[in-house]
Amino acid sequence: MKKWIIIILISLTALSYAAYTKHIFAPSSVANWLRIQNEKMMGGGDDACAPLAKSLHIEVTHRAIDDMRHFSSSDPQQACAALKTKAAEIKKTNASQQLRYENVQVTRHGFPWNSADVTYTERLTFAPPDSYMIYVKSDNQATLQLSWRGLQVTRLNSDTRSSWYPIP
């Protein structure tokens with residue numbers, strides 16, 4: 001009898017974990033998590049870089065009308081500093097912002113489904129007062145890992161394009 005109770009408890013635990021990871025890696029949950037992480041980064045708090053894993057590798061290519069820049073790092077502290085600097089620059093402009101995540105696709109892997117590859121498009125529109133409307137579109141590929149500390153980013157590749165238009 002005790003054997004069956006142990007088997008049932010182990011089965012229920014495994015099913016609960018599978019349901020939990022299915023929820024965590026659902027596209028809507030991932031999009032919401034991305035939104036929350038963006039808000040933390042824009043806030044510049046100490047927890048802004050918490051989801052950057054120690055094994056992080058980040059590649060960002062940014063194309064503007066007359067410029068192209070590339071950033072690559074496997075150092076989470078360097079990546080964090082760069083992301084915080086960009087967030088502070090945007091925040092300093094006092095711009096109104098609109099951020100959307102589109103086409104979020106998640107492929108879970110790594111039994112027991114504790115990681116996932118995520119692809120998504122990030123669209124940011126911001127308008128500094130009495131200036132230009134700036135449009136930024138990023139096509140991103142990321143790998144998220146579920147750990148005891150929550151979701152962590154282990155890889156991020158971003159192809160970003162921006163353009164601007166005068167405000168009439």
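Residues numbered from 1 in each chain as written. Predicted model: local features only at pLDDT ≥ 70, side-chain atom pairs only at ≥ 80, totals over all residues. Heavy atoms only, no water.

A closer look at the state of the cysteines
- This model, assessed by the stated rule, comprises 1 disulfide.
- Cys 49 shares a disulfide with Cys 80; S-S distance 1.6 Å. Between Cys 49 and Cys 80 the sulfur-sulfur dihedral comes to about 80 degrees; the bridge is accordingly right-handed. Highlighted residues: Cys 49 in the loop between α2 (27–43) and β1 (52–63) and Cys 80 in helix α3 (residues 76–92), separated in sequence by 31 residues. Cys 80 carries the same exposure label as Cys 49, and that label is buried. (Disulfide = S-S within 2.5 Å. Helix = DSSP H or I, 4+ residues; strand = E, 2+ residues; numbered from the N terminus. Buried < 20%, exposed > 50% of the residue type's maximum accessible area, 1.4 Å probe, protein only.)

Section: the nonpolar core
- Residues Phe 25, Val 104, Tyr 120, Leu 144, Leu 151 and Val 153 are the most contacted members of the largest nonpolar core, which totals 32 residues.
- Elements that contribute at least two residues to this core include exactly α2, β1, α3, β3 (96–109), β4 (115–127), β5 (132–147) and β6 (150–166).
- The element that contributes the greatest number of residues to this core is α2, accounting for 6 residues.
- Ignoring sequence-local partners within four residues, the contact set of Val 153 consists of Trp 33, Pro 51, Leu 52, Ala 53, Leu 56, Thr 143 and Leu 144. (Core = buried A, V, L, I, M, F, W, Y, C linked by side-chain atoms within 4.5 Å. Contact = heavy atoms within 4.5 Å.)

With respect to the pattern of salt bridges
- Enumeration over the complete set of coordinates arrives at 9 salt bridges.
- Close ionic contact of Glu 102 with Arg 100 constitutes a salt bridge, the shortest N to O distance being 2.7 Å.
- For Glu 102, a relative accessible area of 22% translates into the label partly exposed.
- Of the charged contacts in the structure, one is a salt bridge between Asp 159 and Arg 161, with a shortest N-O distance of 3.3 Å.
- Several salt bridges share partner residues, and in doing so they unite Arg 63, Lys 137, Asp 139, Asp 159 and Arg 161 into one network. (Salt bridge = Lys/Arg side-chain N within 4 Å of Asp/Glu carboxyl O.)

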